[in-house]
Structures are given as structure tokens and as C-alpha cells.
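# Tertiary structure, described
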Amino acid sequence: GSSKEIRIWKRIIVDGRQIGTVVIQPNMQGLSKKLTLFFAIAALVLLAASLIAYFMSSKLQSLISVPIMRLAETMKKVSQEKDYSLRTEKTSADEIGSLIDGFNEMLSEIEERDEALRQHQDNLQRLAHFDSLTGLPNRGLYYDRLSQALRQATRTTQKVAVMSIDLDHFKDINDTSGHRVGDLLLKDVAERLQKIVRASDTVARMGGDEFTLLLPNVEAPENASLVAQKILQKIEMSILELQKLS
């Protein structure tokens, strides 16, 4: 027989005499087929398990890792740029989605508080440099601009014109018509003065009924005189119109 065949034999002895022999010969070909089939099935199961693990890992990454990475990137940008309008995109309604919602809500609250703080600072800045009634630069801002204009004029030999304006008998207007009418007059005068001057000029309210004009880079004194004449005309018109209303 074939050298690959395995035989196990045993003699049968009864009363000291051999009465036969038992021979065991396994079917190796059938066993080989069974082993081949077993290993093939095991390989298929292992491959299927690997594919399932891969897809589950990819799905897990898309569900957890990617949103967490996006959240971390947004947090880093907010920290670096101080831009609280940034938001993280929500891609699911699970626990990760709830975490992103909470983070975005926190950014919204910070953005609102930051905007409120900025507006408060702007208001303080405006109160420090501008008149609350007319919106014109106040005394402090006027002197700052005057100092800059004088330094500029010194370097370039330009001329600077300064005009002081106050309203005659303004106290009588307050006494007879009331402070509301007086405030309306001051606001109207401020608007008319701003329409007369150039964008580079400054109209400031120094207090009460006193206004001051700063005209940098004036080519000739006659130009300042023309501005003064226009101012007198406009203020007279304002007073006449106010008298009609009152």
C-alpha cells in the first residue's frame, strides 16, 4: 500500500493461541478533506470577522472620533482667534450631538456677553469724548485734536483757524420756553454747524451754549471769514425757526 497509509494491528490470543489479528486502518483521504474544509471555513470566518471589525471601527470613528476632532479644532480656533461666532457642526442626535449642542450654546452666551461688554466699552468711550446731547466732540477731545493740528501746522507751515461761538440770551430761552426747547436749539445748532464745515474740521461743544470750531489747513484768513458768515446765517435761521415752533 501507500507509504502514507497508517495501520494499527493487534493479534488476538486466546489460551496462548493466536486466533486472529485486528487491523485498524483509518481513511486518511476523508480526514484530509475534512481538515481542508475546516481550515477553509475557519479562514472565511476570520475574514468575515476582520471585515466586520473594520466596518465597525470606521463607523465608530465617524460617530465619535470625527465629531470630537471637529469640536477640538473649533475650541482651538476660538482660543486663538477669540472669535466666539464660530460653531461646530452637529452630525448626530446622540450623546456627542448633545455635547456639541452644549458647546455651541456656551459660545452663543459668551458671544452675547462679549458684544454687550463691547457696547458698554464703546458707550464709556463715547461718554468720555463726546457730548451726550449733541453728539459733538467734547472739551477733552477738542483740545486733543487742537494739539494735533498745531503740531501738524508747525511741521508743514499750514494755517489753523479756531472759532468760538456762543448763543446770546440763551438763558432767556431756557427761562421762557423751558429746557426742552433750549436742548432742541442746541441740537439744531450742532447739526447746522456740522453741515457747514469740512469733514476734516471739528465742531465741539465746550459746555452750555458754547461751541468751538477747529479748521486745520486753512489757505487764507478770508476762507475762515466766509465760514464765520455762513455760521451766523445758519444760527439765525435756527433761532427763527425755533421761535415759530415755540
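The structure presented is a predicted model; accordingly, all values stated were derived computationally and were not measured.

### Here we look at the environment of Ala-199
- Mapping Ala-199 onto the fold places it in the loop between helix H5 (179–196) and strand S4 (202–207).
- For Ala-199, a relative accessible area of 86% corresponds to the exposed category.
- Measuring from C-alpha to C-alpha, the distance between Ala-199 and Asp-188 comes to 18 Å, with eleven residues separating the pair along the chain.

### Focus on the nonpolar core
- Leu-193, Phe-211, Leu-213 and Ile-231 are the most contacted members of the largest nonpolar core, which totals 22 residues.
- Of all the secondary structure elements, the ones that give two or more residues to this core are strand S3 (159–166), H5, strand S5 (210–218) and helix H6 (221–245).
- No other element matches the six residues that H5 contributes to this core.
- Counting six residues, the second-largest nonpolar core is a separate cluster that includes Tyr-142, Leu-146, Ala-204 and Met-206.

### Describing the side chain of Asn-138
- Within the element layout of this structure, Asn-138 appears in the loop between helix H2 (95–129) and helix H3 (139–156).
- Its relative accessible area of 16% is what places Asn-138 among the buried residues.
- At 3.0 Å, the side chain of Asn-138 and the backbone oxygen of Ala-128 are in polar contact.
- In this structure, Asn-138 is in contact with Leu-127, Ala-128, His-129, Phe-130, Asp-131, Ala-204 and Arg-205, ignoring residues within four places of it in sequence.

### Quick word on the packing of aromatic side chains
- Counted according to the given criterion, the structure contains two aromatic pairs.
- Seen in terms of ring centroids, Phe-38 and Phe-39 are 5.6 Å apart; in terms of plane orientation they differ by 65°. Their pairing is edge-to-face.
- Against the face of Phe-130 rests Arg-126, its NZ or CZ located 4.7 Å from the ring centre.

### Side note on the layout of surface pockets
- In this structure, the largest pocket spans a volume of roughly 250 Å³.
- Met-163, Ser-164, Ile-165, Asp-166, Leu-167, Asp-168, Ala-228, Ile-231, Leu-232, Ile-235, Glu-236 and Ile-239 together form the lining of the largest pocket.
- Of all the secondary structure elements, the ones that give two or more residues to the lining of the largest pocket are S3 and H6.
- No other element matches the six residues that H6 contributes to the lining of the largest pocket.
- Residues that form the lining of the largest pocket fall into these classes: eight nonpolar, one polar and three charged.
- Of the voids in this model, the second largest pocket is the one considered here, and its volume is about 190 Å³.
- In terms of lining residues, the second largest pocket is bounded by 13 residues, among which Arg-198, Asp-201, Leu-215, Asn-223 and Val-227 are the most central.

### Quick word on the sheet that holds S4
- Spatially, S3-S5-S4 is the arrangement adopted by the three strands of the open sheet, whose pairing is antiparallel. Strand pairing shows two members of the sheet lacking a second neighbour, S3 and S4, which therefore form its edges. Each neighbouring strand pair of the sheet contributes to a mean axis angle of 20°, computed without reference to strand direction.
- Bridge analysis of S4 against S5 gives five bridges, and the strand direction is antiparallel.

### Some thoughts on the side chain of Thr-88
- As for its placement among the helices and strands, Thr-88 is situated in the loop between helix H1 (28–81) and H2.
- With near-sequence residues (within four places) excluded, Thr-88 lies in contact with Arg-70, Leu-71, Thr-74, Ile-100, Phe-103 and Asn-104.

### Side note on the environment of Leu-150
- Position of Leu-150 relative to the elements: it lies in helix H3.
- Spatially, the C-alpha atom of Leu-150 lies 10.0 Å from that of Asn-217, the residues being 67 residues apart in sequence.

### Observations concerning unusual backbone geometry
- The backbone of Lys-82 shows a phi angle near 55°, a positive value even though the residue is not glycine.
- Looking at the secondary structure, you find Lys-82 in the loop between H1 and H2.
- Lys-82 gets classed as exposed once you look at its relative accessible area, which sits at 54%.
- Although it is not a glycine, Thr-157 adopts a positive phi angle of roughly 60°.
- Relative to the elements of secondary structure, Thr-157 occurs in the loop between H3 and S3.
- Classification of Thr-157 as exposed rests on a relative accessible area of 69%.

Thresholds, definitions, all that
- Residues numbered from 1 in each chain as written.
- Predicted model: local features only at pLDDT ≥ 70, side-chain atom pairs only at ≥ 80, totals over all residues.
- Heavy atoms only, no water.
- Helix = DSSP H or I, 4+ residues; strand = E, 2+ residues; numbered from the N terminus.
- Buried < 20%, exposed > 50% of the residue type's maximum accessible area, 1.4 Å probe, protein only.
- Core = buried A, V, L, I, M, F, W, Y, C linked by side-chain atoms within 4.5 Å.
- Polar contact = N/O pair within 3.5 Å; in protein donor to acceptor, adjacent residues only side chain to side chain.
- Contact = heavy atoms within 4.5 Å.
- Phe/Tyr/Trp six-rings, centres within 6.5 Å; stacked < 30°, edge-to-face > 60°.
- Lys NZ or Arg CZ within 6 Å of the ring centre and 35° of its normal.
- 1 Å grid on protein atoms, 1.4 Å probe; cavity = no way out; pocket = protein on both sides within 12 Å on 5 of 7 lines; lining within 4 Å.
- Points joined across faces, edges and corners; volume = space filled by probe spheres on them.
- Nonpolar A, V, L, I, M, F, W, Y, C, P; charged D, E, K, R; others polar.
- Pairing = 2+ DSSP bridges.
- Axes fitted to C-alpha atoms, helices over the stretch in contact; angles between N-to-C directions.

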